[in-house]
Amino acid sequence: MHHSEKEKIALEHDAAKLFMRCYERNTGKPIRHIWHNDPMRPDVSCLFEGERLDIEIAHLYGSEEEAMEVLGRDLSEKTKQILAQLKEEPADERLLKSLNRILENKSSKRYKTERVWLVIRNTHPAWKQEDIKALEHLITMPEPHVFEKVWILGDIEGKSGIVRIYP
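This one's a predicted model, so the numbers in the text were calculated from it and none came from an experiment.

So, how was this worked out
- Counting of residues starts from 1 at the beginning of each chain's written sequence and follows it residue by residue.
- Local features are withheld for residues below a pLDDT of 70 in this predicted model, meaning they are given only at 70 or higher, and side-chain atom pairs are given and counted only at 80 or more; totals for whole chains, interfaces and linings count all residues.
- The basis for every side-chain value is the complete set of heavy atoms in the structure, and neither hydrogens nor water enter the calculation.
- Counting from the N terminus, the helices are the DSSP runs of H or I reaching at least four residues and the strands are the DSSP runs of E reaching at least two.
- Our radius of gyration is a C-alpha quantity, and the globule rule it is checked against amounts to 2.2 Å times the number of residues to the power 0.38.
- Whether two residues touch is decided by their heavy atoms; if any such pair falls within 4.5 Å, the residues are in contact.
- The protein chains shown are the only cover counted for residues, whose accessible areas, like all others here, come from Shrake-Rupley with a 1.4 Å probe.
- Under the convention used here, Asp and Glu are negative, Lys and Arg are positive, and both His and the chain ends fall outside the count.
- Charged groups are reduced to one reference atom each: NZ for lysine, CZ for arginine, CG for aspartic acid, CD for glutamic acid.
- Here's how the labels work: a residue is buried when its accessible area is under 20% of the maximum for its type, exposed when over 50%, partly exposed in between, all with a 1.4 Å probe on protein chains only.
- The directions considered for the arc run from the helix axis to the C-beta atoms.
- A helix is expected to reach a length of 1.5 Å times the quantity of its residues less one.
- Two rings from Phe, Tyr or Trp (for Trp, the six-membered ring) form a pair when their centres sit within 6.5 Å of each other. Planes less than 30 degrees apart are called stacked, planes more than 60 degrees apart edge-to-face, and all others tilted.
- A pocket, in this scheme, is an open set of points on a 1 Å grid over the protein atoms alone with protein on both sides within 12 Å along at least 5 of 7 lines, while a cavity is a set where a 1.4 Å probe fits but cannot get out; residues line either one if an atom lies within 4 Å of a point.
- Grid points are joined across faces, edges and corners, and a volume is the space filled by probe spheres set on the points.
- When residues are sorted by character, Ala, Val, Leu, Ile, Met, Phe, Trp, Tyr, Cys and Pro go into the nonpolar class, Asp, Glu, Lys and Arg into the charged class, and all the rest, Gly among them, into the polar class.
- What qualifies as a polar contact is a pair of N or O atoms within 3.5 Å, subject to a donor-acceptor requirement within protein and to the restriction that residues adjacent in sequence count only when both atoms come from side chains.

Peer 1: Give me the lowdown on the overall build of the chain, citing residues and values where you can.
Peer 2: Within the chain, the regular secondary structure consists of five helices and six strands. Each helix and strand of the chain, placed in order from N terminus to C terminus, yields the pattern α-β-β-β-α-α-α-β-α-β-β. Taking 15 Å as the expected radius of gyration for a compact globule of 167 residues, we find that the chain reaches 16 Å, a close match to that expectation. Seen through its principal axes, the chain has C-alpha atoms that stretch 50 × 40 × 30 Å. For the chain, the share of sequence-separated contacts (at least 6 apart) that also reach a separation of at least 24 residues comes to 62%. Of the roughly 9400 Å² that the chain leaves accessible, carbon and sulfur atoms contribute 52%. The chain carries 27 positive and 30 negative side-chain charges, and their two centres are separated by 4 Å.

Peer 1: Before we move on, could you go through helix H3 (residues 77-86) and cite the residues and values that matter?
Peer 2: Buried residues of H3: Thr 79, Leu 83 and Leu 86, and no others. Looking down the long axis of H3, one finds its buried residues gathered within 60 degrees of arc, a one-sided arrangement. Set apart from the buried face of H3 by more than 90 degrees, the exposed residues are Glu 77, Lys 78, Gln 81 and Gln 85. Check the buried side of H3 and you find it contacts helix H2 (64-70) and helix H4 (91-107).

Peer 1: For H4, give the residues involved together with the corresponding values.
Peer 2: In this model, H4 (17 residues) spans 24 Å end to end at C-alpha, consistent with the 24 Å of a helix rising 1.5 Å per residue. Looking at H4, one finds that the buried residues are Arg 94, Leu 95, Leu 96, Ser 98, Leu 99, Asn 100, Ile 102, Leu 103, Lys 106 and Ser 107.

Peer 1: Mind laying out the packing of aromatic side chains, listing which residues take part and the relevant values?
Peer 2: Within the structure shown, the criterion is met by nine aromatic pairs. On the numbers, 5.4 Å between centres and 55 degrees between planes, the contact of Tyr 23 with Trp 117 is tilted. Residue Tyr 23 is found in helix H1 (residues 3-27), and its partner Trp 117 is found in strand S4 (residues 116-122); the two are separated by 94 residues along the sequence. Considered together, Tyr 23 and Trp 117 belong to a single accessibility category, that of buried residues. One aromatic cluster is present, built from ring pairs that chain together Phe 19, Tyr 23, Phe 48, Trp 117 and Trp 151.

Peer 1: How would you explain the layout of surface pockets if you had to name every residue and give the values?
Peer 2: Reported here for the largest pocket is a volume of approximately 920 Å³. Around the largest pocket sit 34 residues that line it, and Lys 8, Glu 12, Ile 57, His 59 and Lys 106 are the ones nearest its centre. Only H1, strand S3 (51-60), H2 and H4 provide two or more residues apiece to the lining of the largest pocket. Sorting elements by how many residues they give to the lining of the largest pocket places H1 first, with seven residues. In terms of residue class, the lining of the largest pocket is made up of 13 nonpolar, seven polar and 14 charged.

Peer 1: So, the side chain of Asp 54: which residues are in play, and what are the values?
Peer 2: Residue position: Asp 54 is located in strand S3. Accessibility expressed as a relative area gives 1% for Asp 54, which makes it buried. A distance of 2.4 Å separates the side chain of Asp 54 from the side chain of Ser 45, its partner in a polar contact.

Below you can see the structure in the form of structure tokens.
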């Protein structure tokens, strides 16, 4: 397994754990992490109300370049230039664009599962949970898709909790 693959799995696990913790806190319903899945299935499976529930994890970055910055990579001059340009674009427009791009990518996927939720973890320090809530009515959920619910984890550490954006 590549380092990057390991890292991706670690990020997904982490996001799933944070989501489950927030969900339990909000609803009082226990949701337990069971295992990490192979690519044909959503990333993580858990036990919820006595049944298996699958969770697909996505990370919301502003861009590839910002992802590299967030993950602490060495940045080339070109990447730094792109980052500088991006920072001039209005943050909420970029947030919406990135979010809709994730929803579009994920909704075209088909999984071997009965029930699946999509959990998107926001990693962008400039975007707050309030910003996401404010854009809620502009978020486009592509049809058809397989997700029973779609949630956003407000920040990388899960401190701001979760917001349901679908249904």
